[in-house]
Amino acid sequence: QVQLVESGGGLVQPGGSLRLSCAASGFTFSLFSMSWFRQAPGKERELVATITTGDLTNYKDAVKGRFAITRDNEKNKVYLQMNSLKPEAKAVYFCNGHRIRANSQRIDYWGQGTQVTVSA
């Protein structure tokens, strides 16, 4: 079955770094765009970064220059390197895989999330 398993979250001080990983299985990873979303307490889930099947990347403005999304199609993994972390980055981070089928149907797969806390 389809699985997306995130890891790498934790507690970090402001200005610190974390690297999130997402291991995918049960689907053809290379055919899917992959994204990281986050959801802070009391807030809606928001898109942080996306990497397409052609390795094009897109970022939420607030994280540009500090976060980097990469993928490894051989290992079926996607990563989010987060540098210069700010307290407002505290959230549960979710891995997402998505693609549009030929019939225009969108397929979305989600992981269970990993907690990131930025605090002194």
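Structural notes, computed from the coordinates. (Residues numbered from 1 in each chain as written. Predicted model: local features only at pLDDT ≥ 70, side-chain atom pairs only at ≥ 80, totals over all residues. Heavy atoms only, no water.)

Some words on unusual backbone geometry
Most peptide bonds take the trans configuration, and most residues that are not glycine carry a negative phi.
Consideration 1: Of note, N76 is a non-glycine position whose phi angle comes to about 55°, a positive value.
Consideration 2: Checked against the element boundaries, N76 lands in the loop between strand 7 (67-72) and strand 8 (77-82).
Consideration 3: Accessibility expressed as a relative area gives 25% for N76, which makes it partly exposed.
Consideration 4: The backbone phi angle of S84 is positive, close to 50°, even though this residue is not glycine.
Consideration 5: Here S84 is to be found in the loop between strand 8 and strand 9 (91-100).
Consideration 6: S84 gets classed as partly exposed once you look at its relative accessible area, which sits at 38%. (Helix = DSSP H or I, 4+ residues; strand = E, 2+ residues; numbered from the N terminus. Buried < 20%, exposed > 50% of the residue type's maximum accessible area, 1.4 Å probe, protein only.)

Notes on the pattern of salt bridges
Consideration 1: Taken as a whole and assessed by the stated rule, the structure comprises four salt bridges.
Consideration 2: The residue R38 makes a salt bridge to E46 at a minimum N-O spacing of 2.7 Å.
Consideration 3: We classify R38 as buried; its relative accessible area is 8%.
Consideration 4: The salt bridge involving K64 is made with D61; its shortest N-O contact spans 3.0 Å.
Consideration 5: On the accessibility criterion, K64 (47% relative accessible area) is partly exposed.
Consideration 6: Three or more residues joined by partner-sharing salt bridges are found here, namely R38, E46 and K60. (Salt bridge = Lys/Arg side-chain N within 4 Å of Asp/Glu carboxyl O.)

It is worth stressing that arrangement in space is one thing and function is another; only the former is reported here.
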